[in-house]
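One-letter residues, chain by chain:
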Amino acid sequence: MPRRLQLCALLLLAAIPARAVNLDVTASYKMRAISYSNLNLTGDKSTQNDHSFISNDARLGVAVRRIDLEPKGGEMMTMDVGLTLRALGVAGSSTALQAPFDRVANNYPFTNLTPFIENAYVRVNRLFGLPMEATFGRQTYRLGSGLLLDDDGAGLTGVTLRGDLPWWGMKAEGFIFADRDSRMATQEAPANSLALFGFAVDLPGEGIWQLNQLFERDKAPQQVFGCTYENTAGGVPASYACYASKSLKSFTSLRYSLNYGPIVFDGEAAFENGLASPVNNPADALNLPPGRLTYNGNAQVARAKWKQSIPRVGEGIARVSMARGSGDDAGTRNRDEAFFPAHGHQFNGLDRAGFGDFFAATPYSAFGGNYGSTTTASGLRQGNSGIIVVGIGYTPPAYKGFILDVDYYLFQSERAVNDSHALGGEWDFRLRYNVQDRFGIAFTAAFFKAGKASSPNGAQAKKYAFEAFGRF
């Protein structure tokens, strides 16, 4: 691995012209020792699905910035060239990439500590002498708050274009990427069957309003998770999942963010629509799903925090959060109402990212105890769909550099077939110590109590983690 990193760095350095103004070399490493208990959210100790492992997350980046090209319109057009390698892997006594961690691993090219290219791009600043920036190649990208689109550290290959608009200080960006839907990995979807394209427009004011638009066009065979149909072949009625040959989805969101003195707020609301072309179910080649297959969902996320100075002690931070994603209506057999973008923010290395350190919920997925089923993408128990989260937390003033975060989250399913919506509640405790944001250590303890929608017997689960990171 070190030889590969050295070779890539030497090749990039060899391509640098003598007029290069700035050379940036960055490196980071994060180690996490993690222990999960009862990931299956069951009262049976023999089937709890416990995992303990150490995760590795390493990055090495080289970027050459502000390479002079030529003057245009009185402005110098410059170019940046960047390359970032990332390596993810696990070590430990148990196999960490079994369910549910296999769903996380599917988001990345390699998870055996083999380096993969996270970024490899050319960026042109002041394109044609205009207040415009164009980036070509594999790059890190997040749309809005990440509710609709986030590469989650895997990188996306394509083109982005950003620039200033001539009205009211507005900014705009457009993008197009080629990738795949990691949820379809078990169906061997083509590596670049998913096209992601859209735009965003920012309007600054007291806060910033942002309009986001994302289109997902997937040409791979795929399951439509919220669709079923009855099959009477052989005279025995049976219900089958729906499959499609291709799909086109549209996601539109409005985001508002504000940073005003001690108050910080970030909220986003989104709508999903789309169509899919039905094909024969592999389980029964005689019948097709009835009519066309459609998507119709929505989601909302809001976070707020308030900083308050306490005399003689320091600054404390109170925070609240809310998230909701629509669930599928089991009564509409050929329509999927569950909000679920293909690349919404869900992952952080080989662990999930979301509300709650254990449950790690987003509006569309969580560590919900159901990982082997092919009829659900959310991870929730069968019959539950869509997630509602309410959270509160407080960070008291630091003591000798140590910071304690305490949070509580309550989870419910947006739709439930058996009328039991309670997914569970979770207490999180995190003690951390940072040195100039370059080195840090943290210890996390999360205690989850399952509701009836996750476990009829109210099972309990835990997560402990120790983390150390360094970067320059």
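To be clear, the structure that these remarks concern was listed above.
If you're wondering where the values come from, they're calculated on a predicted model, not measured in any experiment.

Caption draft 1: Local environment of the packing of aromatic side chains. Evaluated as defined, the whole model comprises 27 aromatic pairs. Note on Y108 and F116: the rings are 6.4 Å apart at their centroids and 40° apart in plane angle, and the pair reads as tilted. Under the relative-accessibility criterion, Y108 is labelled buried at 3%. A centroid spacing of 5.2 Å and a plane angle of 35° characterise the contact between F340 and Y364, whose relative ring orientation is tilted. Of this pair, F340 sits in the loop between β17 (335-336) and β18 (347-348) while Y364 sits in the loop between β19 (351-352) and β20 (384-395), and the two are 24 residues apart along the sequence. An aromatic cluster of at least three residues, connected via ring pairs, comprises Y36, F53, F101, F355, F358, F359, F367, Y371, Y409, F411 and F448. Of note, R352 hangs over the ring of F367, and the distance from its end group to the ring centre comes to 5.8 Å.

Caption draft 2: Geometry of the pattern of salt bridges. Summed over the entire model, instances satisfying the criterion amount to 20 salt bridges. Of the charged contacts, one joins D24 and R65 as a salt bridge, the two residues approaching to 2.7 Å between their closest N and O atoms. Pair noted here: D24 is in strand β1 (residues 22-37) and R65 is in strand β2 (residues 51-72), with a separation of 41 residues, a long-range link. Linking R319 and D405 is a salt bridge whose minimum nitrogen-to-oxygen distance equals 3.9 Å. Of this pair, R319 sits in strand β16 (residues 314-325) while D405 sits in strand β21 (residues 402-416), and the two are 86 residues apart along the sequence. Residue classification places D405 among the buried residues on the basis of a relative accessible area of 10%. A single salt-bridge network, built from bridges that share partners, covers R32, D351, R430, K463 and E467.

Caption draft 3: View of the side chain of N384. Its location among the elements puts N384 in strand β20. Assessed through its relative accessible area of 7%, N384 is described here as buried. Within the local environment of N384, its side chain forms a polar contact with the side chain of S413, the two groups lying 3.1 Å apart. A polar side-chain atom of N384 sits 3.4 Å from the main-chain carbonyl oxygen of A453. When sequence neighbours within four positions are dropped, the list of residues in contact with N384 reads S378, S413, R415, A416, S420 and A453.

Caption draft 4: Just the nonpolar core, in detail. Judged by nonpolar contacts, the single largest core of 47 residues is most densely connected at F358, F359 and F411. Only β1, β9 (171-179), β10 (194-204), β15 (293-310), β20, β21, β23 (439-450) and β24 (460-471) provide two or more residues apiece to this core. When residues no more than four places from it in sequence are discounted, the contact partners of F359 are L41, R352, A366, F367, G368, L380, F411, L423, E426 and F448.

Caption draft 5: Structural detail: the environment of S250. The topology assignment puts S250 in strand β13 (residues 238-260). Between the C-alpha atoms of S250 and R217, which are 33 residues apart in sequence, the distance is 8.9 Å. Excluding anything up to four places from it in sequence, S250 contacts Q213, L214, F215, F271, E272 and N273.

Caption draft 6: Structural detail: the pairing of β20. By the bridge criterion, 8 bridges tie β16 to β20 in an arrangement that is antiparallel. Bridged to S321 within β20 is G391. The pairing of β20 with β21 spans 10 bridges and is antiparallel. The residue of β21 that forms the bridge with Y394 is V406.

Caption draft 7: Summary view of the side chain of T395. Within the secondary structure layout, T395 lies in strand β20. Among the polar contacts made by the side chain of T395, one reaches the side chain of D405 at a distance of 2.6 Å.

Caption draft 8: Quick look at the environment of D68. Relative to the helices and strands, D68 is located in strand β2. With relative accessibility at 26%, the residue D68 sits in the partly exposed group. The spatial distance from the C-alpha of D68 to the C-alpha of M79 is 6.6 Å, given a sequence separation of 11 residues.

Caption draft 9: Structural view of a nonpolar patch on the surface. There is a patch of nonpolar side chains on the surface, built from F402, L404, W427, F429, L431, V435, F439, I441, F443, F447, Y464 and F466 and spanning about 1,000 Å² of accessible area. Counting only elements with at least two residues in the nonpolar patch, the list comes to β21, β22 (422-435), β23 and β24. Within the element layout of this structure, L404 appears in strand β21. Relative accessible area serves as the criterion here: at 35%, L404 is assigned to the partly exposed category.

Caption draft 10: Summary view of empty space enclosed by the protein. Counted by the stated rule, this structure contains 2 cavities of 30 Å³ or more. Looking at the largest cavity, its volume works out to about 80 Å³. Mapped by element, the contributors of at least two residues to the lining of the largest cavity are β1 and β2. Residue contributions to the lining of the largest cavity peak at 3 residues, all from β2. Grouping the amino acids of the lining of the largest cavity by side-chain chemistry returns 2 nonpolar, 4 polar and 4 charged.

So, how was this worked out
- Residues numbered from 1 in each chain as written.
- Predicted model: local features only at pLDDT ≥ 70, side-chain atom pairs only at ≥ 80, totals over all residues.
- Heavy atoms only, no water.
- Phe/Tyr/Trp six-rings, centres within 6.5 Å; stacked < 30°, edge-to-face > 60°.
- Buried < 20%, exposed > 50% of the residue type's maximum accessible area, 1.4 Å probe, protein only.
- Helix = DSSP H or I, 4+ residues; strand = E, 2+ residues; numbered from the N terminus.
- Lys NZ or Arg CZ within 6 Å of the ring centre and 35° of its normal.
- Salt bridge = Lys/Arg side-chain N within 4 Å of Asp/Glu carboxyl O.
- Polar contact = N/O pair within 3.5 Å; in protein donor to acceptor, adjacent residues only side chain to side chain.
- Contact = heavy atoms within 4.5 Å.
- Core = buried A, V, L, I, M, F, W, Y, C linked by side-chain atoms within 4.5 Å.
- Pairing = 2+ DSSP bridges.
- Patch = residues over 30% accessible without salt bridge, like charges linked within 9 Å, V, L, I, M, F, W, Y side chains within 5 Å.
- Areas by Shrake-Rupley, 256 points an atom, 1.4 Å probe, with all protein chains shown as cover.
- 1 Å grid on protein atoms, 1.4 Å probe; cavity = no way out; pocket = protein on both sides within 12 Å on 5 of 7 lines; lining within 4 Å.
- Points joined across faces, edges and corners; volume = space filled by probe spheres on them.
- Nonpolar A, V, L, I, M, F, W, Y, C, P; charged D, E, K, R; others polar.

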